[in-house]
Structure formats: C-alpha cells, structure tokens
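Chain by chain, the residues:
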Amino acid sequence: MNARLVSSLALLATLTLSACGKVGPYTVEIEPKQRVNIVTLSEGELALEPGQKLKGLATYFPATKRLELEVGSEKLVFRKTKINPDTGELTAHPDFTEVRTTSGDALGLQSKRSLVCNPDCERVERETRVEDCTYYETYPELHCRRFHGRTICETVYVRRPVRGRQTVEYLHRTRDYEIKGSIYGLALGDVALTHAEMTEIDTDARVISACR
C-alpha cells in the first residue's frame, strides 16, 4: 500500500509511519485561545495572542515518539506522544511533553481525525498500465566433460530469465480527512486550537495478464 499525505498535520492521523525515520514536515494551522508565552527549545518564547492565525511546520519522529512543531524561528518539542490507530487520535500528555509556559504550566497536545464525505466518503479510480516484467524459460544445454580419456556429454535443462511485458491494473482509493486538535494545559484548558486537512491515497496493484 502506498499513501501520500498532504496538507496540515497529516502526520497526526498517519497509521503507517515512514520508514525513513520521520513523518513530515507538514503545515499546521494554529488559533490561539489564550494569551500565553511558551518556552521554546532554544529557551526563547513563542507568544500566543487570541485573534491570531498562525501557521507552523510539524514533524513526527516515530522512533523517539516526539513531535516537533516549528512556528517561525521557534520550535516546540512534544515528547512521549501516542497514536491510536483504531481511532486516529494522537495524544501527548502535559506531564510528559516537557513543554511549558513561562509561568510554569505544562502543556500537551491532542488531535483526532474524521472522515469527510462530500458527498462520497471515498473516490475510486482505476488505471491500467503495460509494464516490464521477468519470466523464466527452460532451455536444453549440452554439457560435456572428459573422463578417463573419453568425452562424455549429457543434456541439462536450465532456467533462464527472459524480459517480457505484462498488464497491471491499479486501484486508487482517495479519502479526505479533517483533523481537529488543541494545545492544552491541565489547569489552563485549551491554549490554542489546531486545524488540518489530509488527503490519503491507497493504491492496490493487480496483475491481469501473464508476463510474456
């Protein structure tokens, strides 16, 4: 299965994580709900002000279970994140993220995806291609050897690869998702809301003609 994830915070709903060590970066929209300053990785500050519309880049690292959120030149790192593949939820509890406001309040992250049906919940496209392939044929070969001054020959059958062509049908299934979440504190509540959209494309291949 191949999946191409586009637009905001797609990594928060990813069920199959990238084998290259990270997922993203992807754009995330942030809407502050409270006036707070957050301590960033570089010991700087990220100021949130209600009425703002911020955009950042989010990157998820499955090996270390951390999510990095870059807003301008500042970076927040949410550690010990969890993804629930059954519900499409991502959570990073404030007690473990190590993200803090300048006043000392711990902040976490949560997000959940929902399927968008407008009106269809899934778009299906079929594509047929003729592609290169390899098959094997058996050939007789005469093998000879000298034995006690005599030449002894025998026929041996060997398999050799042959380049061919075959027809392959591809089935593309496209689904759109909306992802809503928040940056929050246990005492503060929602500090900022996050919103994202994701398009997921799954591709299945089926060989419909022999390789010849």
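### Here's the deal with the overall build of the chain
So, step 1. For the chain, the helix and strand inventory stands at one helix and 13 strands.
So, step 2. Relative to the compact-globule value of 17 Å for 212 residues, the chain shows a C-alpha radius of gyration of 28 Å, a clear excess of over 25%.
So, step 3. In terms of principal-axis extent, the alpha carbons of the chain reach across some 95 × 50 × 30 Å.
So, step 4. Within the chain, the proportion of its 212 residues that are buried is 38%.
So, step 5. For the chain, the share of sequence-separated contacts (at least 6 apart) that also reach a separation of at least 24 residues comes to 60%.
So, step 6. For the chain, the exposed surface amounts to about 12800 Å²; the carbon and sulfur share of it is 48%.
So, step 7. Taking the average location of the 30 positive side-chain charges in the chain and that of its 30 negative ones, the two points are 9 Å from each other.

### Overview of the confidence of the model for the chain
In low-pLDDT regions, the fine details of the predicted coordinates are not to be read closely.
So, step 1. Averaged over every residue, the pLDDT of the chain is 87; residues scoring 70 or more account for 91%.
So, step 2. Low confidence marks residues 1-19, where pLDDT is under 50. Its contacts with residues over four positions away, or in another chain, come to 65 contacts.

### With respect to the pairing of strand β11 (residues 123-147)
A regular strand carries its side chains on alternate faces of the sheet.
So, step 1. By the bridge criterion, 25 bridges tie β11 to strand β12 (residues 150-185) in an arrangement that is antiparallel. Counterpart to Tyr136 in the pairing with β12 is Pro161.
So, step 2. What sits between β11 and β12 in their antiparallel hairpin is a turn of two residues, with His148 showing a positive phi close to 50°.

### A closer look at unusual backbone geometry
So, step 1. Residues Asn118 and Pro119 are joined by a peptide bond in cis, for which omega reads -10°.
So, step 2. By the element assignment, Pro119 lies in the loop between β10 (106-116) and β11.
So, step 3. Here Glu98, not a glycine, exhibits a phi torsion of approximately 70°, which is positive.
So, step 4. Here Glu98 is to be found in the loop between α1 (94-97) and β9 (99-100).

### Side note on the pattern of salt bridges
So, step 1. Across all of its chains, the model carries 20 salt bridges by this definition.
So, step 2. The residue Arg66 makes a salt bridge to Glu68 at a minimum N-O spacing of 3.0 Å.
So, step 3. On the accessibility criterion, Glu68 (11% relative accessible area) is buried.
So, step 4. We note a salt bridge from Glu98 to Arg79, for which the minimum N-O separation is 3.2 Å.

### A short note on the packing of aromatic side chains
So, step 1. Inspection of the entire model under this criterion finds zero aromatic pairs.
So, step 2. The cationic tip of Arg212 hangs over the ring face of Tyr135; the distance from NZ or CZ to the ring centre is 5.1 Å.

### Describing the nonpolar core
Soluble globular proteins tend to bury their nonpolar side chains together.
So, step 1. If you look at the biggest cluster of nonpolar residues, it comprises 24 residues, and the most contacted ones within it are Ile30, Ile38, Leu48, Leu67, Leu69, Phe78 and Leu109.
So, step 2. At four residues, strand β1 (residues 23-32) tops the list of elements feeding residues into this core.

### Describing the environment of Ala210
So, step 1. Mapped onto the elements of the fold, Ala210 is located in the segment after β13 (189-207).
So, step 2. The exposure class assigned to Ala210 is exposed, which follows from its relative accessible area of 54%.
So, step 3. In sequence terms Ala210 and Asn118 are 92 residues apart; their C-alpha atoms lie 39 Å from each other.
So, step 4. Beyond its immediate stretch of four places on either side in the chain, Ala210 contacts Arg165 and Gln166.

### Considering the side chain of Glu74
So, step 1. Within the fold, Glu74 resides in strand β6 (residues 74-78).
So, step 2. Here Glu74 is buried and forms no salt bridge, its nearest opposite-charge partner Lys75 lying at an N-O distance of 10 Å.
So, step 3. A distance of 2.6 Å separates the side chain of Glu74 from the side chain of Thr40, its partner in a polar contact.
So, step 4. There is a polar contact of 3.3 Å between the side chain of Glu74 and the side chain of Ser42.

### Quick notes on the state of the cysteines
So, step 1. Enumeration according to the criterion identifies three disulfides in this entry.
So, step 2. The disulfide that involves Cys117 links it to Cys121, with 1.8 Å between the sulfurs. Disulfide Cys117-Cys121: torsion about the S-S bond near 105°, hence right-handed.
So, step 3. Here Cys144 pairs with Cys153 through a disulfide, and the sulfurs are 2.0 Å apart. Its S-S torsion of approximately 110° makes the covalent link between Cys144 and Cys153 right-handed.
So, step 4. Sequence-ordered numbering of the bonded cysteines in the chain gives a pairing of 1-2, 3-6, 4-5.

Calculation rules
- Residues numbered from 1 in each chain as written.
- Predicted model: local features only at pLDDT ≥ 70, side-chain atom pairs only at ≥ 80, totals over all residues.
- Heavy atoms only, no water.
- Helix = DSSP H or I, 4+ residues; strand = E, 2+ residues; numbered from the N terminus.
- Rg over C-alpha atoms; globule rule 2.2 N^0.38 Å.
- Buried < 20%, exposed > 50% of the residue type's maximum accessible area, 1.4 Å probe, protein only.
- Contact = heavy atoms within 4.5 Å.
- Areas by Shrake-Rupley, 256 points an atom, 1.4 Å probe, with all protein chains shown as cover.
- Lys, Arg positive; Asp, Glu negative; His and termini not counted.
- Charge placed at Lys NZ, Arg CZ, Asp CG, Glu CD.
- pLDDT = per-residue confidence, 0-100.
- Pairing = 2+ DSSP bridges.
- Salt bridge = Lys/Arg side-chain N within 4 Å of Asp/Glu carboxyl O.
- Phe/Tyr/Trp six-rings, centres within 6.5 Å; stacked < 30°, edge-to-face > 60°.
- Lys NZ or Arg CZ within 6 Å of the ring centre and 35° of its normal.
- Core = buried A, V, L, I, M, F, W, Y, C linked by side-chain atoms within 4.5 Å.
- Polar contact = N/O pair within 3.5 Å; in protein donor to acceptor, adjacent residues only side chain to side chain.
- Disulfide = S-S within 2.5 Å.

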